[in-house]
Amino acid sequence: MLSPTELREEEVVQLRQLGQSPGWDLYRTHLQKLSRSSEVVKADALRSRKTEDAVYHQGVVDGIAL
């Protein structure tokens, strides 16, 4: 069994490997596109005075940013 320190070190190694994988770049690109499209839909909703839709899409954008 690994000690807490060893577990943290292993976690750092795993996160570095994940950050360097091509799949991670694809995922980040997908999230960026989703965020941009939600911003566009939100702007359209605001122009149409559909505040509930605008609030929903702002929540999507905020969630992606987190």
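Cut-offs used in this document
Residues numbered from 1 in each chain as written. Predicted model: local features only at pLDDT ≥ 70, side-chain atom pairs only at ≥ 80, totals over all residues. Heavy atoms only, no water. Helix = DSSP H or I, 4+ residues; strand = E, 2+ residues; numbered from the N terminus. Rg over C-alpha atoms; globule rule 2.2 N^0.38 Å. Buried < 20%, exposed > 50% of the residue type's maximum accessible area, 1.4 Å probe, protein only. Lys, Arg positive; Asp, Glu negative; His and termini not counted. Charge placed at Lys NZ, Arg CZ, Asp CG, Glu CD. Salt bridge = Lys/Arg side-chain N within 4 Å of Asp/Glu carboxyl O. Expected span 1.5 Å × (residues − 1). Contact = heavy atoms within 4.5 Å. pLDDT = per-residue confidence, 0-100.

### Structural notes on the overall build of the chain
(1) Moving on: From N to C terminus, the chain includes 3 helices and 0 strands.
(2) Moving on: Starting at the N terminus and walking to the C terminus, you meet the elements of the chain as α-α-α.
(3) Moving on: Taking 66 residues into account, the globule formula puts the C-alpha radius of gyration at 11 Å, and the chain, at 18 Å, lies well above it.
(4) Moving on: Taken along the three principal axes of its C-alpha coordinates, the chain extends 60 × 25 × 10 Å.
(5) Moving on: Taking all 66 residues of the chain together, the buried fraction comes to 11%.
(6) Moving on: Each charge class in the chain was averaged separately, 9 positive and 10 negative side chains, and the resulting centres sit 10 Å apart.

### Let's talk about the pattern of salt bridges
(1) Moving on: Overall, the coordinates contain 3 salt bridges when judged by the stated rule.
(2) Moving on: The salt bridge involving Asp25 is made with Arg28; its shortest N-O contact spans 3.4 Å. With Asp25 and Arg28 both in helix H2 (residues 22-47), this residue pair falls 3 residues apart, about one helical turn.
(3) Moving on: Asp25 sits in the partly exposed class, given a relative accessible area of 38%.
(4) Moving on: Taking relative accessible area as the criterion, Arg28 reaches 40% and is therefore assigned partly exposed.
(5) Moving on: Between Asp44 and Arg47 there is a salt bridge, and its shortest N-O distance comes to 3.0 Å.

### Quick notes on the environment of Gln58
(1) Moving on: If you trace the backbone, Gln58 turns up in helix H3 (residues 51-65).
(2) Moving on: With a relative accessible area of 24%, Gln58 lands in the partly exposed category.
(3) Moving on: In this structure, the C-alpha to C-alpha distance between Gln58 and Val41, residues 17 residues apart in sequence, is 9.4 Å.

### Notes on H2
(1) Moving on: Here H2 is 26 residues long and its end C-alpha atoms lie 38 Å apart, about the 38 Å a rise of 1.5 Å per residue gives.
(2) Moving on: Considered for burial, the residues of H2 that qualify are Ser35, Ser38, Lys42 and Ala45.
(3) Moving on: Tucked into the core, H2 has its buried residues touching H3.
(4) Moving on: Downstream of H2 by a residue or two, Arg49 has a phi angle that is positive, lying close to 60 degrees.

### Details of the confidence of the model for the chain
(1) Moving on: Confidence in the prediction of the chain, expressed as mean pLDDT, is 93, and 100% of residues score 70 or more.
(2) Moving on: Ranking the helices and strands of the chain by mean pLDDT puts H3 first, with 95, and helix H1 (residues 4-19) last, with 90.

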